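Understanding the architecture of this molecule
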Amino acid sequence: MAFKGIKSLLVGVLAGFLLLNSSAVKAQHGGETTTDTTKAHNVEEFNITETIMDHVKDSYGWHLWGHTSVSLPVILYTDKGLEVFSSSKLINEHHEAVAYAGKNTYKVNKESGKVQILNAHGTANHKAKLFDISITKNVATLLLSMLLVCVVFLSVARAYTKRGVTSAPKGLQSFLEPIILFVRDDIAKPNIGPKYTKYMPFLLSIFFFIWLNNLLGLIPFFPGGANLSGNIAFTMVLALIVFVVVNVNSNKAFWKHVFWMPGVPVPMKIFLAPIELLGVFIKPISLMIRLFANITAGHILVLALICLIFVFKAVAAAAVAVPFAAFIYCIELLVAFLQAFIFTMLTALYIGMATEEHHHEEAH
Amino acid sequence: MFLELNPLVKPDLGLVIWMTLTFFIVLFVLAKYAWKPILKAVKTREDNIENAISQAAKVQAEMAQLKNDNEALLTKAREERATMLKEAKDIKDKMITDAKDLAKAEANKIIVDAQAAINYQKMAALTDIKNQVGNLVIEVSEKVLRKELSNKAEQENFIKQLAGEVKLN
């Protein structure tokens, strides 16, 4: 059944591989915790929610395989000042959370997965000031994607300056040029109009940044594996920037349409004003939620399908789970592009709406 | 609160800070060093292509115009050649006619001259003959006169006879 495409099989197997590793770790955890009991060889009940959340959520270390993970710096700002230490200090050799005693005592909360300050009794002190600006897995991915996107496009830009405009594009340049032109001709131009050039760098940056991070998220192992573009903080910052860009560039006509819609009766104007004003905020919020939900849902779906194997406790379940997961993976590849496209398209549309010149107001 | 329900929908302050920083770095670096040269190059290339196409159309139109001009020129040249040939023929004909006329006039003149000369010669000959006849008459008259001295009647007869002979001449 998986012979249809060796590639999709490979992708599915890789996804399964990642999960298998983590389950093995879990199984061992279970083994360790039950050592004291008589059922030493029995494994803990497989918790599908916990497994999936573990993969979708952020973490302080970057898990590679088995017990191997990359330690990342934990950076905390507390009452007692800045504190920087390795994430490996927060876990023991079995990947269990342990307390680390620095200027305060820190421990990762099992529920939220975040560092907390412990008080003298060993319980969480929620009142203590704690700014967590650690280089987590997501932040590391973010920095990696920043490097990647800069390297790729600077090399493409160099290709243009070196090879000139008279020769045909080659290699990476020829792959990316149609996409750049797509963003320009099919996203910016029709939605923004003649002033599109001003917004091109912004639109191209968000498009490629989102797309690259969507794709990095689809790689099931290092250097991917982080669900960055499916993280609400990531989409929130992008949506906030879009909100600022749209409203900074909005013109008088746009605000007139918001607060005093021309061409409709006065009661309707009064009725529409709060709705339109709400729309100003809902637009970026919808951008934030759409990207976050789509990417996270894709990840959860693939993981859930793979988890079927462990839920049924049968390798035979892979016969169904792996092709399905591979199929979803292919869709996710499409969604990765689609969501980047939709985000950019809607941004362009909002900019276009806010900057549109209303010459024919009387014609309404 | 709703945000407490699921850690997935709870934005992480650290990530927000890093994301804001990173995105602005990306935006700045790419806008300055990537998008600007790329978009400029693409625009330049598009302009070049557009120019090349319009140039080609222009050249094509020019070529068509040139061809038309050539054809017109050729037609004109052909017409000119025909006119020239015709003119040459006319000149030739005229020359021949003129020559013929001239020759005819010359010939006529020669004939007229010849006739005049002949007339003159004839008149001269007649005058000469007349003179000789006169002389002869005188001589005869002399002889007659010498002989007639003897016979008057015969003399008159003879004169009459002579006079009649002369008239007959």
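This structure is a prediction, so every number in the text was calculated from the model and none was measured.

The rules we used
Residues numbered from 1 in each chain as written. Chains lettered and ligands numbered in written order. Predicted model: local features only at pLDDT ≥ 70, side-chain atom pairs only at ≥ 80, totals over all residues. Heavy atoms only, no water. Helix = DSSP H or I, 4+ residues; strand = E, 2+ residues; numbered from the N terminus. Buried < 20%, exposed > 50% of the residue type's maximum accessible area, 1.4 Å probe, protein only. Salt bridge = Lys/Arg side-chain N within 4 Å of Asp/Glu carboxyl O. Polar contact = N/O pair within 3.5 Å; in protein donor to acceptor, adjacent residues only side chain to side chain. Core = buried A, V, L, I, M, F, W, Y, C linked by side-chain atoms within 4.5 Å. Contact = heavy atoms within 4.5 Å. Axes fitted to C-alpha atoms, helices over the stretch in contact; angles between N-to-C directions. Parallel < 35°, antiparallel > 145°, perpendicular 65-115°, else oblique. Left-handed = near helix turned anticlockwise from the far one by under 90°. Nonpolar A, V, L, I, M, F, W, Y, C, P; charged D, E, K, R; others polar. pLDDT = per-residue confidence, 0-100. Pairing = 2+ DSSP bridges. Patch = residues over 30% accessible without salt bridge, like charges linked within 9 Å, V, L, I, M, F, W, Y side chains within 5 Å. Areas by Shrake-Rupley, 256 points an atom, 1.4 Å probe, with all protein chains shown as cover.

For chain B, the count of helices and strands is three helices and zero strands. Scanning chain B from its N terminus toward the C terminus, one meets helices and strands in the order α-α-α. Buried residues in chain B amount to 14% of all 169 residues.

Right, let's get into the pattern of salt bridges. Opposite charge on two side chains lets them pair, provided their charged atoms get close. Taken as a whole, this structure holds seven salt bridges over all chains when the rule is applied. A salt bridge links Glu 46 of chain B to Arg 184 of chain A, with the nearest nitrogen and oxygen atoms 2.6 Å apart. Residue Glu 46 of chain B is located in helix H2 (residues 13–148), and its partner Arg 184 of chain A is located in helix H4 (residues 172–192); the two belong to separate chains. With its nearest N and O atoms 3.4 Å apart, the salt bridge here joins Lys 189 of chain A to Asp 185 of chain A. One end of the pair is Lys 189 of chain A and the other is Asp 185 of chain A, both in helix H4 and four residues apart, which spans about a single turn. The exposure class assigned to Asp 185 of chain A is partly exposed, which follows from its relative accessible area of 31%. Through salt bridges with shared partners, a single ionic network connects Arg 184, Asp 185 and Lys 189 of chain A together with Glu 46 of chain B.

Every buried residue of helix H2 (residues 48–56) of chain A is accounted for by Thr 51, Ile 52, Met 53, His 55 and Val 56 of chain A. N-capping of H2 of chain A is provided by Asn 47 of chain A, with a side-chain oxygen placed 3.2 Å from the backbone N of Thr 49 of chain A.

One finds Phe 153 and Phe 208 of chain A together with Ile 38 of chain B to be the most contacted residues of the largest nonpolar core, which totals 88 residues. Per-element accounting of this core gives the leading share, 15 residues, to H2 of chain B. In this view, Phe 208 of chain A contacts Val 149, Phe 153, Leu 176, Ile 179 and Ile 180 of chain A together with Trp 35 of chain B; residues no more than four positions away in its chain are not counted.

As a further point, take unusual backbone geometry. Positive phi, close to 55 degrees, is recorded for Lys 313 of chain A, a residue that is not glycine. Turning to its location among the elements, Lys 313 of chain A is positioned in the loop between helix H8 (266–312) and helix H9 (318–355).

This next bit is on the packing of helix H6 (residues 232–248) of chain A against H8 of chain A. All names here are of chain A. Relative orientation of the contacting elements H6 and H8 amounts to 150 degrees, with a least axis distance of 8 Å. In terms of orientation, H6 and H8 fall into the roughly antiparallel class. Judged by the sense of rotation from one axis to the other, the crossing of H6 with H8 is right-handed. Here Ile 232, Phe 234, Thr 235, Met 236, Ala 239, Val 242, Phe 243 and Asn 247 of H6 lie close against H8, whose contacting residues are Val 280, Phe 281, Pro 284, Leu 287, Met 288, Leu 291 and Phe 292. Its residues placed into classes, the contact of H6 with H8 shows 13 nonpolar, two polar and no charged.

Moving on, we come to the confidence of the model for chain A. Low-pLDDT stretches of the model should not have their predicted coordinates read in fine detail. All names here are of chain A. Scored by pLDDT, chain A has a mean of 82; 86% of the residues are at 70 or more. Every residue in residues 1–7 is under pLDDT 50, and counting partners more than four places away or in other chains gives three contacts. The low-confidence segment residues 16–42, where pLDDT is below 50, has 35 contacts with residues more than four positions distant or belonging to other chains.

As summarised here, the arrangement of the three strands in space is S5-S6-S7 (chain A), forming an open sheet in which the pairing is antiparallel. Of all strands in the sheet, those with a lone pairing partner are strand S5 (100–101) and strand S7 (115–118) of chain A, marking the two edges.

On to the environment of Ser 134 of chain A, then. Tracing the backbone through its elements, the reader meets Ser 134 of chain A in the loop between strand S8 (130–132) and helix H3 (137–163). A sequence separation of 51 residues divides Ser 134 of chain A from Glu 83 of chain A, and the C-alpha atoms of the two residues are 9.9 Å apart. Sequence-distant contacts of Ser 134 of chain A, that is, excluding residues within four places in its chain, are made with Tyr 60, Pro 73, Val 74, Ile 75, Leu 76 and Val 139 of chain A together with Trp 18 of chain B. Among the polar contacts made by the side chain of Ser 134 of chain A, one reaches the side chain of Asp 132 of chain A at a distance of 2.5 Å.

As a further point, take the pairing of strand S6 (residues 105–108) of chain A. Residue and element names in this part refer to chain A. Burial along S6 is one-sided: the face carrying Tyr 106 and Val 108 is buried and the face carrying Thr 105 and Lys 107 is not. Bridge count for S5 against S6 is two bridges, and the pairing is antiparallel. Residue pairing for S6: Ala 101 is matched across the bridge by Thr 105. Connecting the antiparallel pair S5 and S6 is a turn made up of three residues.

Next up on the list: the interface of chain B and chain A. On the side of chain A, 50 residues touch chain B, which itself brings 36 residues to the contact. Taken together, the links from chain B to chain A amount to three salt bridges. For the pair chain B and chain A, the interface holds seven residue pairs in polar contact (both at pLDDT 80 or more). Residue classes in the side of chain B that touches chain A are distributed as 26 nonpolar, six polar and four charged.

Residue and element names in this part refer to chain A. With respect to the helices and strands, the residue Gln 116 is situated in strand S7. Residue classification places Gln 116 among the buried positions, given a relative accessible area of 16%. Within the local environment of Gln 116, its side chain forms a polar contact with the side chain of Asn 109, the two groups lying 3.2 Å apart. Look past the residues within four positions of Gln 116 in its chain and what remains in contact with it is Thr 105, Tyr 106, Lys 107, Asn 109, Ala 124, His 126 and Leu 130.

Okay, the sheet that holds strand S4 (residues 81–86) of chain A next. Residues and elements named next belong to chain A. Taken in spatial order, the three strands of this open sheet run S4-S3-S8, and their pairing is antiparallel. Of all strands in the sheet, those bounded by a partner on one side alone are S4 and S8. Direction aside, the axes of adjacent strands within the sheet are offset by 25 degrees on average.

What follows deals with the pairing of strand S3 (residues 73–78) of chain A. In this structure, S3 of chain A lies alongside S4 of chain A, joined through six bridges in antiparallel fashion. By the bridge assignment, Ile 75 of chain A is partnered in S4 of chain A with Val 84 of chain A.

Residues and elements named next belong to chain A. Take Ser 155: it is sitting in helix H3. According to the relative accessible area criterion, Ser 155 is partly exposed, its value standing at 26%. A distance of 2.8 Å separates a polar atom in the side chain of Ser 155 from the backbone oxygen of Val 152.

Here the focus is the confidence of the model for chain B. Across chain B, the average pLDDT comes to 88, with 93% of residues at 70 or higher. Within chain B, helix H1 (residues 2–5) of chain B has the poorest average pLDDT of any element, 56, and H2 of chain B the best, 91.

Residues and elements named next belong to chain A. There is a patch of nonpolar side chains on the surface, built from Phe 259, Trp 260, Val 266, Ile 270, Leu 277, Phe 281, Ile 285 and Ile 289 and spanning about 730 Å² of accessible area. Per-element accounting of the nonpolar patch gives the leading share, six residues, to H8. Along the chain, the position of Ile 289 falls in helix H8.

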